[in-house]
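Breakdown of the fold
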Amino acid sequence: MKTSFRSWLIAGAAFALPFAVAGSVAAAEPLPKEVRIAYSGGAQLIVNAKVDGSLEKAFGVPVKWVQFGTGADVLNLFASNSIDIANFGSSPTVSAIVRKLPIELVGVSADIATYERLVARKSKNIQSLNDLAGHTVGYPANSTAQYALDTAIQLNKIDRSKIRFVPLKPDELVAAWRRGDVDAGYVWAPFNSTLEANGGQPIFYTKDLKKDGYLIFNGISISKAFGEKHPELVARLLLVLEQQVANYRKNPQAVAEAIAKELGSTPAAVTDSINGNEYPTIADQLKPQWFGDGTSPDSSTLAGAVRKTADFLGSIDQIRKQDIPASFATSINPRYLKLAQQIKADK
């Protein structure tokens, strides 16, 4: 007979309760009054968890949804202890870790492919990155979109001095596009779909960086203090996100319609957005191609991508090179993925 998860949790398995004193029984922490989750305004599957209330049901407490504009906002939210969990991009996550914010990366919600892309005005005859010279390009600051844009510019040996870069939040970028203030914009969906519907065309996708070994994703990061107190809630969040992927694959139209209604978008734009990502399962993420099982944390593909991101951000002075740690092992934590697996096994 399977052991119940609650019994297993109290037993204090080492990977589930790293903060427990060896040999002692961990006292159960009371549930928080609410769980505070930061999310972007993009068309992502986590939005359906907001719509259908599945996280509240899984947690047993209300969820306070905190919408942010860019990754920089999330860093401020974590720094001020205004959120417990955030679904945000890999590059601002790395910035947060290097700046020693007390967070850890615990899951991958989406492997970005076409969800983020560079859109240029057709009327400006911008067909490729090489055509950006003399034009104005908008992007959300401290985001995966900026990281992808900067990386693409560097890899393709484009002269940055000939391009005017303007940091704009996604809604500001759309407004600037409609005014004619920008000629191109690198942003996520559904904002890029709006640019395309108003005279734009995609000329570069984040997935185009994979051939050069760049892994860019949206991840789940948590406050370390929250994780220590409520490991089961973190694990249940990961399970809900995995279930949302399954729900979409089972009934994509219904999920797209629900998200579109929440965002004020269209089902077609939402479908395009969701299909623009890949979604590693919990089991996938525990393989070396992502987190690994924790036995060699700095040898995983994810750790390598985090270091590559940190080195790049250091090279363009977004972070201080001297602050980049020798190891990211204390900030990339597969423990909650393992815990989620255990919950599934106990069902």
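Here the structure is a predicted model, which is why all the values come from computation and not from measurement. (Residues numbered from 1 in each chain as written. Predicted model: local features only at pLDDT ≥ 70, side-chain atom pairs only at ≥ 80, totals over all residues. Heavy atoms only, no water.)

Glancing now at the pattern of salt bridges. Enumeration according to the criterion identifies 15 salt bridges in this entry. Ionic pairing is found between Asp183 and Lys124, a salt bridge with its closest N-O pair at 3.9 Å. Residue Asp183 is found in the loop between helix H7 (170-179) and strand E8 (184-188), and its partner Lys124 is found in the loop between strand E5 (116-121) and strand E6 (136-139); the two are separated by 59 residues along the sequence. Residue class for Asp183 comes out buried when judged on its relative accessible area of 9%. Taking relative accessible area as the criterion, Lys124 reaches 39% and is therefore assigned partly exposed. A salt bridge links Asp284 to Lys287, with the shortest nitrogen-to-oxygen separation between them at 3.8 Å. The class for Asp284 is partly exposed, based on a relative accessible area of 29%. (Salt bridge = Lys/Arg side-chain N within 4 Å of Asp/Glu carboxyl O. Helix = DSSP H or I, 4+ residues; strand = E, 2+ residues; numbered from the N terminus. Buried < 20%, exposed > 50% of the residue type's maximum accessible area, 1.4 Å probe, protein only.)

What follows covers the domain arrangement of the chain. Domain boundaries in the chain define domain 1 (35-112 + 216-346) and domain 2 (116-212). A separation of 24 Å is found between the C-alpha centroids of domain 1 and domain 2. With 33 residues of domain 1 at the interface, the matching set in domain 2 holds 25 residues. Both faces considered, domain 1 and domain 2 share a buried interface measuring about 2000 Å² in area, 57% of it formed by carbon and sulfur atoms. (Domains from an automatic or database assignment. Contact = heavy atoms within 4.5 Å. Buried area = accessible area lost by both parts, 1.4 Å probe.)

The subject of this paragraph is the sheet that holds strand E9 (residues 200-205). Spatially, five strands are ordered E7-E6-E8-E5-E9 in an open sheet, and the strand pairing comes out mixed. Each edge of the sheet is formed by a strand with only one pairing partner; in this case those strands are strand E7 (164-167) and E9. If you compare each strand with its neighbour and ignore which way they point, the axes differ by 25° on average. For E6 and E8, the ladder comprises two bridges, and the chain directions are parallel. Bridged to Gly138 within E8 is Gly185. Seen against the sheet, H7 touches E5, E6, E8 and E9 and runs at an angle of roughly 150° to E8. (Pairing = 2+ DSSP bridges. Axes fitted to C-alpha atoms, helices over the stretch in contact; angles between N-to-C directions.)

Within soluble globular proteins, side chains that are nonpolar generally end up buried alongside one another. Ranked by size, the top nonpolar core spans 114 residues in total, and within it Ile37, Leu55, Phe59, Leu118 and Leu132 carry the most contacts. Considering every element that reaches this core, the biggest residue donor is helix H10 (residues 231-250), with 10 residues. When we break this core down by domain, the ones giving at least three residues each are domain 1 (35-112 + 216-346) and domain 2 (116-212). Leaving out residues up to four positions away in the same chain, Leu132 has contacts with Leu118, Ile126, Val137, Ile153, Lys162, Ile163, Ala184 and Ile203. (Core = buried A, V, L, I, M, F, W, Y, C linked by side-chain atoms within 4.5 Å.)

For any two helices packed against each other, one specifies the inter-axial angle together with the distance between the axes. Interaxial distance between H10 and helix H15 (residues 335-346) falls to 8 Å at its minimum, and their mutual angle equals 75°. Here H10 is positioned roughly perpendicular relative to H15, judged by the angle of their axes. Residue-level inspection shows Pro231, Glu232, Val234, Ala235, Arg236, Leu238, Leu239 and Glu242 of H10 in contact with H15, the latter providing Tyr336, Leu337, Leu339, Ala340, Ile343 and Lys344. Class assignment for the residues of the contact of H10 with H15 results in 10 nonpolar, no polar and four charged. (Parallel < 35°, antiparallel > 145°, perpendicular 65-115°, else oblique. Nonpolar A, V, L, I, M, F, W, Y, C, P; charged D, E, K, R; others polar.)

This part takes up the sheet that holds strand E10 (residues 217-223). In space, the six strands of this open sheet follow the order E2-E1-E3-E10-E4-E11, with mixed pairing throughout. Looking along the sheet, the strands with just one partner apiece sit at the ends: strand E2 (63-68) and strand E11 (277-278). Where strand E1 (residues 35-40) meets E2, six bridges bridge the pair, whose relative direction is parallel. Across the sheet, the residue bridging to Arg36 is Lys64, located in E2.

The next thing to look at is the confidence of the model for the chain. The pLDDT averaged across the chain works out to 91; a share of 92% of its residues lies at or above 70. Across residues 1-26, confidence stays below pLDDT 50; counting only partners more than four residues off in sequence or on other chains, it has 37 contacts. (pLDDT = per-residue confidence, 0-100.)

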